[in-house]
Amino acid sequence: MYTQSMSVPDEAGSRTVQPLPSTEPADRMARFDACIDADGRIEPQDWMPEAYRKTLVRQISQHAHSEIVGMLPEGNWISRAPSLKRKAILIAKVQDEGGHGLYLYSAAETLGTSRDQMVQALHEGKAKYSSIFNYPTLTWADVGVVGWLVDGAAIMNQIPLCRCSYGPYARAMVRVCKEESFHQRQGYESLLVMMRGTQAQRDMVQDAVNRWWWKCLAMFGPPDADSPNSVQGMRWGIKRVSNDELRQQFVDATVPQAKVLGVTLPDPLLKWNEERGHHDYGPIDWDEFWHTVNGNGPCNKERLATRVKAHEDGAWVRQAALAHARKQEQRRMKEAA
Ligand code: BYC
């Protein structure tokens, strides 16, 4: 299973990519590059190149949006969970995802962009969030498979981020990864129970695996050769392991888990390659991935409409909290006078 102890090789990321040309002041840039080369951390009060700041706001806000939109496919099943135990676990999991979104918005705010600006960009369809949350959760087995595969893929991608060069993002990821690890295990455990049940339950699990497998492989982002942000992200120590390497790690970790579970991964080309020391796998449908990322997946419109409505319905809570804070402040001033 995936744990915090999965190490990121020291030579990964920034150290293997030379500094790229920049128009920033040379002395400040040299200090920044030296910090990155020494595997140091950049903190909010430190000088940083504008492009680094912009990249971080892009990635962290997209990540936050993914956590928040990611509550929806599973949230749909809270009222239909098959037992009180499963309902309690699912409520806690969905709540954790909301918490992850909030840490991440806070981390992005340290870069000078407000949460309101980020949320507005999401609601206007200008900001991205993970492609994976634009697919429907059709049966209860989908909830288990989302835990096993979607959270499993998320952890694979997020463990290296615990050592990202931007301090607030790296620190937020430590706690997020601990919780994601629990999410992955609960999903797997719920599937194990179903696989020991009736033939109908086993068929339901297999059907869910068939529908989610390829979408999970695409979650890691486009192939390295078509990933415009990777070289710079690696140089800056934001990304430590490339999209394709993470995808491969995920496939290699998942194959034995599928065997224990007793499901077939829906890829006739999936097989161990002795020479590479990895599993080979079949081609991913990148046209479908881009179609979804560009807003045309099966649930994109529904997900965004649900988020916008939740935000509008919650306006009174924000207003009440602000009014309360104003009252407290007035009382404090009166007492101090
Ligand atoms: N979906 O140059 P690339 C979770 C975009 S939360 C949509 O490789 P980069 C969970 C990419 O943004 C999961 N878009 O980009 C939550 C870029 O577009 P822009 C989210 C994608 O940034 C609740 C363009 O494609 N995890 O799992 O170097 C419950 C070119 O890509 C996707 C994170 O956000 C995608 N799948 O690498 C359960 C982790 N992939 O921005 C689970 C943090 C790529 O140039 N993020 N794009 O317009 C990252 O690690 C990186 O941003 C990515 C992409 C690996 C995702």
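Residues numbered from 1 in each chain as written. Predicted model: local features only at pLDDT ≥ 70, side-chain atom pairs only at ≥ 80, totals over all residues. Heavy atoms only, no water.

Asker: Account for the nonpolar core, with residues named and values stated.
Answerer: In this structure, Trp148, Val205, Trp212, Phe250, Val263 and Leu265 are the most contacted members of the largest nonpolar core, which totals 47 residues. Looking at this core, the elements that each hand over two or more residues are helix H4 (84-109), helix H6 (140-158), helix H7 (167-195), helix H8 (199-218), helix H10 (243-261) and helix H11 (286-296). Per-element tally for this core: the top contributor is H6, with ten residues. Ile36, Val57, Met118 and Leu161 belong to the second largest nonpolar core, which has 31 residues in total. (Core = buried A, V, L, I, M, F, W, Y, C linked by side-chain atoms within 4.5 Å. Buried < 20%, exposed > 50% of the residue type's maximum accessible area, 1.4 Å probe, protein only. Helix = DSSP H or I, 4+ residues; strand = E, 2+ residues; numbered from the N terminus.)

Asker: Could you give an account of the side chain of Arg303, with specific residues and numbers?
Answerer: Inspection of the secondary structure puts Arg303 in helix H12 (residues 300-313). When residues no more than four places from it in sequence are discounted, the contact partners of Arg303 are Val69, Leu72, Pro73, Asn76, Tyr129, Phe133, Asn134, Tyr135 and Pro136. (Contact = heavy atoms within 4.5 Å.)

Asker: Go over unusual backbone geometry, please, and point to the residues and values.
Answerer: With phi around 60°, Asp39 is a residue other than glycine that occupies positive phi space. Following the sequence through the fold, Asp39 ends up in the loop between helix H1 (26-37) and helix H2 (50-69). We classify Asp39 as buried; its relative accessible area is 18%.

Asker: Describe the packing of H7 against H8, and please don't skip the residues or the numbers.
Answerer: Packing of H7 against H8 brings their axes to within 8 Å, and their N-to-C directions diverge by 140°. Classed by the angle they form, the pair H7 and H8 counts as oblique. The residues of H8 that touch H7, namely those facing Leu191, Met194 and Met195, are Gln201, Arg202, Met204 and Val205. When the residues that make up the contact of H7 with H8 are grouped by side-chain class, the tally is five nonpolar, one polar and one charged. (Axes fitted to C-alpha atoms, helices over the stretch in contact; angles between N-to-C directions. Parallel < 35°, antiparallel > 145°, perpendicular 65-115°, else oblique. Nonpolar A, V, L, I, M, F, W, Y, C, P; charged D, E, K, R; others polar.)

These values are about where atoms sit, not about what they do.
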